[in-house]
Amino acid sequence: MNVVPLFTDRKEASTLWHDVINWWLDSSIKIRFVEIDDEYWFIMGSDSQRPESNFSFFKVLPKSENYERFKKGHGGEAYLRLGVYATKFLKDVKHDALCNCGHAAEDHDKSDNDLCLYEECKCKKFSTFQITLLKRKKTITDIAFLEEKNVKDDSLAWNCLNTNKFSKFD
Ligand SMILES: [Zn+2]
Ligand SMILES: [Zn+2]
């Protein structure tokens, strides 16, 4: 399965890969998922040979179907790739592309501000997220799911929450 941290800026994603992740040995990469209520913290890091690329990355995300699927199905291994997402509008897509409202591009009215034609739909303008995956990938085998009460036993998760959560909210 894939783990795909998302970025809005392609340059930022490429730079992170080139300057940091590229130097990580696959076997040294750790990812942690710390569940806190309806959210989870995705934390990724590595102890590499180059101290300047010892860096950890985190994002707080809502639990989702994708997340649950990954949790059940990863089998101890995942590919890490970076993704870049962009919002596309009606002029950018093919007629069968799906809008965020769930209806196809061809069901939106070009002559009326790209409004969705389905009567019951509240969509006022076609838009859709598109994700482009960067080509390079790493294989991760150190994957753990934690609850907040267990993070003390995990140095990567503990350092991240300590710096970014507890310090802010305590
Ligand atoms: Zn729509
Ligand atoms: Zn619609």
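Parameters at a glance
- Residues numbered from 1 in each chain as written.
- Chains lettered and ligands numbered in written order.
- Predicted model: local features only at pLDDT ≥ 70, side-chain atom pairs only at ≥ 80, totals over all residues.
- Pairing = 2+ DSSP bridges.
- Helix = DSSP H or I, 4+ residues; strand = E, 2+ residues; numbered from the N terminus.
- Axes fitted to C-alpha atoms, helices over the stretch in contact; angles between N-to-C directions.
- Core = buried A, V, L, I, M, F, W, Y, C linked by C-beta atoms within 7 Å.
- Buried ≥ 20, exposed ≤ 12 C-beta atoms within 10 Å, placed from the backbone.
- Contact = placed C-beta atoms within 7 Å.

What follows concerns the sheet that holds strand β5 (residues 56–62). Ordered in space as β5-β4-β3-β12, the four strands form an open sheet in which the pairing is mixed. Each of the sheet's edge strands pairs with one partner strand only, and the pair in question is β5 and β12 (142–147). Each neighbouring strand pair of the sheet contributes to a mean axis angle of 15°, computed without reference to strand direction.

Moving on: the sheet that holds strand β1 (residues 2–3). Read across the sheet, three strands follow the order β1-β6-β11 without closing on themselves; strand pairing throughout is mixed. Only two strands of the sheet have a single neighbouring strand rather than two, namely β1 and β11 (138–140). Direction of pairing for β1 relative to strand β6 (residues 78–80): parallel, over a ladder of two bridges. Each bridged residue has a counterpart across the sheet, and for Val3 the counterpart in β6 is Leu80.

This part takes up the nonpolar core. Val34, Ile43 and Ala157 are the most contacted members of the largest nonpolar core, which totals 20 residues. Elements with a minimum of two residues in this core: β3 (29–36), β4 (39–46), β6 and α3 (155–169). By size, the runner-up hydrophobic cluster in this structure holds five residues, among which are Leu90, Cys99, Ala105 and Cys116.

Among the secondary structure elements, Pro5 is positioned in the loop between β1 and β2 (6–7). Through-space distance from the C-alpha of Pro5 to that of Lys125 is 27 Å; in sequence the pair is 120 residues apart. For Pro5, the contacting residues outside a window of four places in its chain are Phe57, Lys59 and Leu82.

With that settled, the discussion passes to the pairing of β3. Across eight bridges, β3 lies against β4 in antiparallel orientation. Bridging across to β4, Glu35 finds its partner in Tyr40. Here β3 hands over to β4 after two residues, with Asp37 in that stretch at a positive phi of 55°. Taken together, the six bridges between β3 and β12 define a ladder with parallel strand orientation. Paired with Glu35 across the strands is Glu147, a residue of β12.

Of note in the backbone geometry, Asn113 takes a positive phi value of approximately 60° without being a glycine. Examined against the element boundaries, Asn113 turns out to sit in the loop between β8 (108–109) and β9 (115–116). C-beta crowding within 10 Å serves as the criterion here: with 11 such atoms nearby, Asn113 is assigned to the exposed category. If you check the backbone angles, Asp114 has positive phi at about 65° while not being a glycine. Positionally, Asp114 belongs in the loop between β8 and β9. Residue classification places Asp114 among the partly exposed positions, given that 18 C-beta atoms sit within 10 Å.

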